[in-house]
Amino acid sequence: MNSISALGTDDALAAPRPLLEVRGISCNYGLERAVFDLSLTVHRGEQVCLLGPSGCGKTTVLRAIAGFHSVLTGGIFINDLQVSAPGAMVPPEARRVGMVFQDHALFPHLSVRQNVASGLRSLSAGEQKTAVDDMLDRMDISRHAEKYPHELSGGQQQRVALARALAPKPLLLLMDEPFSNLDQELREHMGQEVSDLLKENDITCVMVTHDQNDAFALGDHVGVMADGAIVQWDTPYNLYHQPRTHFVADFIGNGIFLPGDVSGSARVATALGELESDEALDRPVESPIEVLLRPDDVVHDPEGPIRATVRRRAFKGAEIMYTLRTTQGITLLALFPSHANYEIGDEVSVRLAVDHLVVFDRDPED
Ligand code: ATP
């Protein structure tokens, strides 16, 4: 494979945005295509996530950006310099990219200090010490400097892995499922903490995950992937409230799809009554559609027109997630404040509070 020269000089630091551009790349394993014509742009200081189910190609994209996987079409540019092209790639160590892996991949026989220093061999001993002390301090792990990885908690190991990846001052940080080995509580905490840390230090980052909470905690923008392509690149808010495809609506957050038929320019007739949207639906009257109902669209209201029975409940502290079965035989998910405390089998009344209808075409046979 040829190499592409002129990379990663310090002059490049002054280059204009974006920091990372992936333009129409495709990647194969043998004859199997894993990534199809995928493009994305990341600006300096931005944190983005690729989110999708297992096998959709997230890790392959990350490996292509890192320089561990070649591209068959398109190109990858870091700081306006091309690092991957069909038949040519700059080696990983010349890309100025830091990586954090799922299992942290710390060297077990090296102390925290030695782990963090392991990527700094080109520096003098004095420069190494300054750089390592700085990173340990920024990651708030100075007091663990002489410990070994097995003496650290999962969260502390995570910080060491981050410190090691960031110590050589990479242009771009890549993280592959960095929180998946942590328990749920720590995971949420670390997601927020790492996001703050990257923001405070103006670090540009691409993370891949199959967990939407991780993606939402960290991503300014999130690309939802399916079958080797990005199906929606958007803010977490828009992915949740304005998913553009049925797949994204289903993959992101909870909810149900309520069948209906368009009954006016911005109206839908459903078994639970007529719903009105704040925007025209762009479909002829009588089109068969389904309406996305999120649990927060189903409001607890003793005067509400929809009667339902509680089928399941999941206590979430300030809120309770109920699965309800309406008298019309429709299953709804509803998020009630915790004081609306019902048992399985209880009857409740609700109303639908949806201003902006998210609708998808429906097979009339369904
Ligand atoms: P996961 O979340 O499970 O890690 P992913 O979204 O990161 O999945 P990839 O690991 O990028 O997905 O894999 C994309 C596709 O490429 C999958 O169909 C997978 O089976 C295939 N694949 C991945 N690695 C290899 C390999 N070394 N050899 C052959 N096929 C592979």
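This report concerns the structure included in the present document. (Residues numbered from 1 in each chain as written. Predicted model: local features only at pLDDT ≥ 70, side-chain atom pairs only at ≥ 80, totals over all residues. Heavy atoms only, no water.)

## Points about unusual backbone geometry
Cut-off, in case you're wondering: Per the convention used, a helix needs a DSSP run of H or I reaching at least four residues, while a strand needs a run of E reaching at least two, with both numbered from the N terminus.
With phi around 70 degrees, Asp80 is a residue other than glycine that occupies positive phi space. By the secondary structure assignment, Asp80 is in the loop between strand E4 (73–78) and strand E5 (81–85).

## Comments concerning the site of the ligand
Put simply, the rule reads: A cutoff of 4 Å decides nearness: a residue is near a molecule or strand if any of its heavy atoms lies inside that distance of it. The term polar contact refers here to a pair of N or O atoms within 3.5 Å; inside protein, the definition further demands a hydrogen-donor-capable atom paired with an acceptor-capable atom, and it admits residues adjacent in sequence only when both atoms are side-chain atoms. Accessible areas in this description were obtained via Shrake-Rupley with a 1.4 Å probe; residue shielding takes into account the shown protein chains only.
All residues adjacent to the ligand are Tyr29, Ala34, Pro53, Ser54, Gly55, Cys56, Gly57, Lys58, Thr59 and Thr60. Here an oxygen atom of the ligand and a backbone polar atom of Gly55 are 2.8 Å apart. In this structure, Lys58 approaches the ligand through a side-chain N or O atom, which is 2.8 Å from an oxygen atom. Contact with the protein chains covers 53% of the free accessible surface of the ligand, which is 640 Å². For the shell around the ligand, the element with the highest residue contribution is helix H1 (residues 58–66), accounting for three residues.

## Re helix H3 (residues 125–138)
Cut-off, in case you're wondering: Multiply 1.5 Å by the residue count of a helix minus one, and that product is the helix's expected span. For every residue, the accessible area obtained with a 1.4 Å probe (protein chains only) is divided by the maximum for its type, and the residue is called buried under 20%, exposed over 50%, and partly exposed between those limits. Regarding the arc, it is the one traced by the directions from the helix axis to the C-beta atoms.
With 14 residues, H3 should reach 20 Å at 1.5 Å per residue; the first-to-last C-alpha distance of 20 Å fits that figure. Here H3 has its buried residues at Ala131, Val132, Met135 and Leu136. Down the axis of H3, the buried side of the element spans an arc of 130 degrees, and every buried residue falls inside it. Of the exposed residues in H3, those oriented more than 90 degrees away from the buried face are Thr130 and Asp137.

## Let's talk about the pairing of strand E20 (residues 347–352)
A regular strand places its side chains on the two faces of the sheet in alternate fashion. What counts, and what does not: At least two bridges found by DSSP between two strands is the condition for calling them paired.
Pairing between strand E16 (residues 298–300) and E20: three bridges, direction antiparallel. Note on E20: the bridge partner recorded for His300 is Val350.

## Side note on the sheet that holds strand E10 (residues 221–226)
Here is the rule we go by: As a rule, the C-alpha atoms of each element are fitted with a line to give its axis, helices using only the stretch in contact, and angles between N-to-C directions run from 0 to 180 degrees. Residues are treated as being in contact if the distance between any of their heavy atoms lies within 4.5 Å.
Pairing in this open sheet of six strands is mixed, and the strands run E7-E8-E9-E3-E10-E11 from one edge to the other. The open sheet is flanked by strand E7 (97–100) and strand E11 (229–234), the only strands paired with a single partner. Taking the axes of each pair of neighbouring strands and ignoring which way they run, one obtains an average angle of 20 degrees across the sheet. H1 rests against strand E3 (47–51), E7, strand E8 (172–176), strand E9 (205–209) and E10 of the sheet, and its axis sits at about 150 degrees to E8. Where helix H4 (residues 154–166) meets the sheet, it contacts E7 and E8, and its direction lies at approximately 165 degrees from that of E7.

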